[in-house]
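Here is how the chains run, residue by residue.
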Amino acid sequence: AVVSTQSTGIVAEAKRSIWDAMCVIRNLVRDNRIVYGGGSNEISAAISVYDAADKNSSIEQYAMRAFGEALESVPMALAENSGLSPFSTLAEVKSRQIKEGNPRLGIDCMDKGESDMRVQHVIETLIGKKQQIMLATQLVRMILKIDDVRSPGEGEE
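Okay, so let's go over this structure. If you're wondering where the values come from, they're calculated on a predicted model, not measured in any experiment.

**Concerning the environment of Asp-108**
Relative to the assigned elements, Asp-108 resides in the loop between helix H4 (86-100) and helix H5 (117-120). Ignoring anything within four residues of it in the chain, the contact list for Asp-108 reads Leu-84, Gly-113, Glu-114, Ser-115 and Gln-120. For Asp-108, the side chain forms a polar contact with the side chain of Gln-120, separated by 2.9 Å.

Okay, structure coming up:
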C-alpha cells in the first residue's frame, strides 16, 4: 500500500499502526487465545495478587502488594489518557469487579457507558499480554539486582 501525505509524522504514525496490526496478526497465528482489554485483566490480576498478599504473613506480602499496584498502573494510565479521573475510575471498576464477580470490567475509554470489555469488543492477544508482564517483571528484577536489593539467584526458577 502506498501512503502519501505532506506530513512525515502522519506517514510515520500510519507505518507504526500497520506494523502493530501485523504483530497482532502474527501473535494470533502463534496462539489464538485472547484476553479482554481496557485494563480489565490487570485489575483482575491485581485483585488476586492482593488476596494472596492478605494470606501471606511474611515480608513477601509487601512485594506482592507492590506488584499489585504496578498492575494497576495500566488501567490508571488508560483512565488518565481518556480524560477520566484515574483514582476514582480505577476504584469504581475494581469495586464493581469484586462485587459483580466480573473480571471483564475495564476502563470505558470511549465513554460508551459500558465497562464490560466483552460487550465493547476490546480484546488483546494472550501472548502479547504475557510478553508485556514478563518483560516488565524481568526489568524490575534486573534493577533490583543492580541495586543489591535482591541477592543474585534469589527467586529464580
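**Let's talk about the pattern of salt bridges**
What the rule picks out here adds up to 9 salt bridges. Notably, a salt bridge pairs Glu-13 with Arg-16, separated by 2.6 Å at the nearest N-O pair. Taken together, the residues Glu-13 and Arg-16, both in helix H1 (residues 8-30) and 3 residues apart, mark about one turn of the helix. Given the relative accessible area of 40%, Glu-13 is considered partly exposed. Note that Lys-129 is salt-bridged to Glu-42, the shortest N-O span being 2.4 Å.

Definitions and cut-offs
Counting from 1, residues in each chain are numbered in the order their sequence is written. Whole-chain, interface and lining totals are the exception, using all residues; otherwise, since this is a predicted model, local features are given only for residues with pLDDT of at least 70 and side-chain atom pairs are given and counted only at 80 or more. With hydrogens and water set aside, each side-chain value is computed from the structure's full complement of heavy atoms. Secondary structure is summarised from DSSP: a helix means a run of H or I of at least four residues, a strand means a run of E of at least two, and numbering begins at the N terminus for each. Pairs of residues are marked as contacts when any of their non-hydrogen atoms sit within 4.5 Å. Under this definition, polar contacts are N or O atom pairs within 3.5 Å; protein pairs additionally need one hydrogen-donor-capable and one acceptor-capable atom, and for neighbouring residues in sequence, both atoms have to be side-chain atoms. Salt bridge, as applied in this entry: a Lys or Arg side-chain nitrogen positioned within 4 Å of an Asp or Glu carboxyl oxygen. Exposed residues in this analysis have more than 50% of their type's maximum accessible area, buried residues have under 20%, and partly exposed residues fall in between, with area computed by a 1.4 Å probe over protein chains only.

Remember, this is a structural readout, not a statement about activity or role.
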